[in-house]
Amino acid sequence: MTTEVQDPGAQLRSAGLRVTSPRLAVLAVVDSRPHIAAEDVAVLVRERLGSVSTQTVYDALRVCTDVGLMRRIEPAGSPARYERRTGDNHHHLVCRQCGRIEDVECAVGHAPCLQADHDHGFLIDEAEVNYWGTCPECQAGGGRLGED
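What you see is a predicted model, and the numbers here were worked out from it, not measured in a lab. (Residues numbered from 1 in each chain as written. Predicted model: local features only at pLDDT ≥ 70, side-chain atom pairs only at ≥ 80, totals over all residues. Heavy atoms only, no water.)

Side note on the sheet that holds strand β5 (residues 101-104)
On the basis of which strands lie adjacent, the open sheet formed by three strands has the order β5-β4-β6 and mixed pairing. Two strands close off the open sheet at either side, each with one partner strand: β5 and β6 (130-133). Taking the axes of each pair of neighbouring strands and ignoring which way they run, one obtains an average angle of 25° across the sheet. Judged from the four bridges that link them, strand β4 (residues 91-95) and β6 form a sheet pairing that is parallel. The partner of V94 across the bridge, within β6, is W132. (Pairing = 2+ DSSP bridges. Helix = DSSP H or I, 4+ residues; strand = E, 2+ residues; numbered from the N terminus. Axes fitted to C-alpha atoms, helices over the stretch in contact; angles between N-to-C directions.)

Quick word on unusual backbone geometry
Backbone geometry places H35, a non-glycine residue, at a positive phi of 70°. Along the chain, H35 falls in the loop between α2 (21-32) and β1 (36-37). The class of H35 is buried, set by a relative accessible area of 5%. (Buried < 20%, exposed > 50% of the residue type's maximum accessible area, 1.4 Å probe, protein only.)

Thoughts on the UniProt feature "binding site: Zn(2+)" (unreviewed entry) in the protein chain
The feature "binding site: Zn(2+)" (unreviewed entry), as annotated in UniProt, sits at C95, C98, C135 and C138 in this numbering. For the annotated residues, spread through 44 residues, the largest C-alpha to C-alpha distance comes to 8.2 Å, consistent with a single compact locus. Position of C95 relative to the elements: it lies in strand β4. Under the relative-accessibility criterion, C95 is labelled buried at 4%. What C95 contacts, discounting residues up to four positions off in sequence, is R100, G133, T134, C135 and C138. Within the secondary structure layout, C98 lies in the loop between β4 and β5. (UniProt positions renumbered as here; feature names shortened; annotations may be inferred. Contact = heavy atoms within 4.5 Å.)

Looking at the environment of E105
Along the chain, E105 falls in the loop between β5 and β6. Look at E105 and you get exposed, because its relative accessible area is 53%. Sequence separation of E105 and H91 is 14 residues, and the distance between their C-alpha atoms is 6.1 Å. Reaching out from E105, the side chain makes a polar contact with the side chain of R85 at a distance of 2.8 Å. (Polar contact = N/O pair within 3.5 Å; in protein donor to acceptor, adjacent residues only side chain to side chain.)

Considerations on the environment of R71
Locating R71 in the fold gives a position in strand β2 (residues 71-73). Between the alpha carbons of R71 and R81 there is a distance of 8.2 Å; along the sequence they are ten residues apart.

Observations regarding the pairing of β4
On a regular strand, one side chain projects to one face of the sheet and the next to the other, so that they alternate. Most of β4 sits out of view: four of its five residues are buried. Strand direction decides the pairing type here: β4 and β5, joined by four bridges, are antiparallel. In the strand pairing of β5, H92 is matched with D103. In sequence, β4 turns back onto β5 through a hairpin of five residues, with G99 there showing a positive phi of about 85°.

What about the pattern of salt bridges?
Within this structure, the stated rule accounts for ten salt bridges. Notably, a salt bridge pairs E137 with R100, separated by 2.3 Å at the nearest N-O pair. Of this pair, E137 sits in helix α5 (residues 136-139) while R100 is found in the loop between β4 and β5, placing the two residues 37 residues apart along the sequence. Looking at E137, the relative accessible area reads 39%, which means it is partly exposed. (Salt bridge = Lys/Arg side-chain N within 4 Å of Asp/Glu carboxyl O.)

Here it is in structure tokens:
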């Protein structure tokens, strides 16, 4: 993953997308809250812009995901979540109690998960790994259900 910060408007233009206020707001919200659910993105975008339809937010999430400006993850039992960290094959830790999600680097070497025992003829370009467990706060009895 690159640590270089690029202007969101420039990122949209580089991806061939029009720069719109909802798209800029969606990118900013997901930048500020990795692993955020779409419903929460919509609430925070409305706080920034005022009246924005849920469909507009969902469309911005979809198109930004389609062009690689963000990534959609779907841990079992959780709504889809969005993050801006893309292209590095990182994985996630998910707390079974509160739903907290944390990024973890690829387990061994460079993208080892792309070496499937049998690929069935697929050209594999990405792997998703979720590690499940209990976060430190829940272990200590302080976690709350639904936190991320």
